[in-house]
Protein chains: 2
Amino acid sequence: MNDLLRDRDAWSMENCSIARTLEMIGTRSAMLVLREAFFGAHRFDDFARRAGVAEPAVAARLKELTADGLLERVPYREPGQRTRYEYRLTARGRALLPVITALRDWGDAWAADPAGPPIEAVHRHCHAPVRARLVCDKGHDVTPDELTIQAGPGLIEARPK
Amino acid sequence: MNDLLRDRDAWSMENCSIARTLEMIGTRSAMLVLREAFFGAHRFDDFARRAGVAEPAVAARLKELTADGLLERVPYREPGQRTRYEYRLTARGRALLPVITALRDWGDAWAADPAGPPIEAVHRHCHAPVRARLVCDKGHDVTPDELTIQAGPGLIEARPK
């Protein structure tokens, strides 16, 4: 990385896309609730049983993730019961799969048990492992030292301190 | 996703790679400190000025990220001053770039200002934008509905409740 980074103090990250994303999913419990949504959980009891997060935190995260448009609440009714709601990933929520995958990749590589990771994600068609890889829009694999950071359309100059 | 997911309650995610990763970087402030490390910050004052995080949180995150081996402390000495320490990403820390990139991609697409994102990451050699894409090890792009979750070597059965 270089260019813009030569004078990092000249510009502000107050409208940073990373920070904005973290305002919605920047807690461990939000990510674990989302993990279970990707694994197919829809109902509160499933999230509470599977996410490894205390029930009040599950309830708070489901409410926040719904307010942020990552999950939607859908009514359902079991025979003889009142109407309840279940939660489904929206397109906005499903678009977080590379984030979840990148977290899993890193953990598999750098923090797994000696026994190995509990699950593997593979491509349905060829059965090869799936990862979140740094790729450019021309299809090249990109290493960290091949990244250049440049000004985007929304770059904000730093205010004098 | 299917297969293993048909009976999610039969297995445990107590050794989940996502959860293990989030134990180290599962706070907004840890991610923003790492963002600045990728942007070239080394010294406490740089992190404190740029990360948009309160100083005590910056100090706590630098300490934790160092303890977890994502940053390393390196001594330096300005003329006439006492020895101080700066922070550098380790290989373990640099391997988090796909996580940071996936968070940025999502924010750019789903949460940016109308003006657009503040920065762009491009491939130094071809200038095409770089993203964290879901790709299998045979080189296919993978959509979320083409993922199959299967048991890994460390899968743990759920304990009876």
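All chains use their own residue numbering, which begins from 1 and follows the written sequence. Numbering of ligands from 1 and lettering of chains from A proceed in the order in which they are written. Totals for whole chains, interfaces and linings use every residue, but because this is a predicted model, local features are given only for residues with pLDDT of at least 70 and side-chain atom pairs only at 80 or more, for both listing and counting.

With that out of the way, let us pick up the interface of chain B and chain A. Once C-beta atoms have been placed from the backbone, residue pairs whose C-beta atoms lie within 7 Å are recorded as contacts. Residue-level contacts link 82 residues of chain B with 83 residues of chain A. Helix and strand assignments come from DSSP, with helices taken as H or I runs of at least 4 residues and strands as E runs of at least 2, each series counted from the N terminus. When residues of the side of chain B that touches chain A are traced back to their parent elements, those giving at least two are helix H1 (17-25), helix H2 (28-38), helix H3 (44-50), helix H5 (91-94), helix H6 (97-110), strand E4 (119-123), strand E5 (130-136) and strand E6 (147-151) of chain B. Classification used: nonpolar for Ala, Val, Leu, Ile, Met, Phe, Trp, Tyr, Cys and Pro, charged for Asp, Glu, Lys and Arg, polar for all others including Gly. Broken down by class, the residue content of the side of chain B that touches chain A amounts to 45 nonpolar, 17 polar and 20 charged. Bridge count between strand E4 (residues 119-123) of chain A and E6 of chain B: five bridges; the pairing is antiparallel. Within E6 of chain B, the position partnered with glutamate 120 of chain A by the bridge is glutamine 150 of chain B. The rule for pairing is simple: two strands pair if DSSP sees at least two bridges between them.

As a further point, take the packing of H2 of chain B against helix H4 (residues 55-67) of chain B. Residue and element names in this part refer to chain B. Between the N-to-C directions of two axes lies an angle of 0 to 180 degrees, each axis being a line fitted to C-alpha atoms and, for a helix, fitted only over the stretch in contact. Running from N to C, H2 and H4 point in directions that differ by 80 degrees, and their axes come no closer than 9 Å. With respect to H4, the element H2 is oriented roughly perpendicular. Of H4, the residues touching H2 (which contributes Ser29, Ala30 and Val33) are Ala57, Val58, Arg61, Leu62 and Leu65. Of the residues in the contact of H2 with H4, the class split is six nonpolar, one polar and one charged. The cut-offs work like this: below 35 degrees is roughly parallel, past 145 is roughly antiparallel, 65 to 115 is roughly perpendicular, and the gaps in between are oblique.

Copies are brought into register by a least-squares superposition over C-alpha atoms of residues with pLDDT of at least 70 in both. Mapping chain B onto chain A calls for a rotation angle of 180 degrees and an axial translation of 0.0 Å; the resulting RMSD is 0.0 Å. Both copies of the chain, as the preceding transformation shows, are related through a two-fold rotation axis. Residue by residue, 100% of the interface of chain B is reproduced at the interface of chain A, so both copies engage with the same surface.

All right, on to the nonpolar core then. Here a nonpolar core is just a set of buried residues of the types Ala, Val, Leu, Ile, Met, Phe, Trp, Tyr and Cys, joined wherever their C-beta atoms sit within 7 Å. To sort residues by burial, count the other C-beta atoms lying within 10 Å of each one's C-beta; a count of 20 or more means buried, 12 or fewer means exposed, and anything in between means partly exposed. C-beta atoms are built from the backbone. Among the nonpolar cores identified, the biggest contains 87 residues, and Val33, Leu34 and Leu103 of chain A together with Val33, Leu34 and Leu103 of chain B are the most heavily contacted of them. When neighbours within four sequence positions are excluded, leucine 34 of chain A is seen to be in contact with Ile25, Leu96 and Ile100 of chain A.

This next bit is on the confidence of the model for chain A. Residues and elements named next belong to chain A. Confidence of the prediction at every residue is given by pLDDT, a number between 0 and 100. Residues with a pLDDT of 70 or more make up 98% of chain A, whose mean pLDDT is 94. The lowest-confidence element of chain A is strand E7 (residues 156-157), averaging 92 in pLDDT; the highest-confidence one is helix H4 (residues 55-67), averaging 98. With pTM at 0.95, the complex prediction returns an ipTM value of 0.95.

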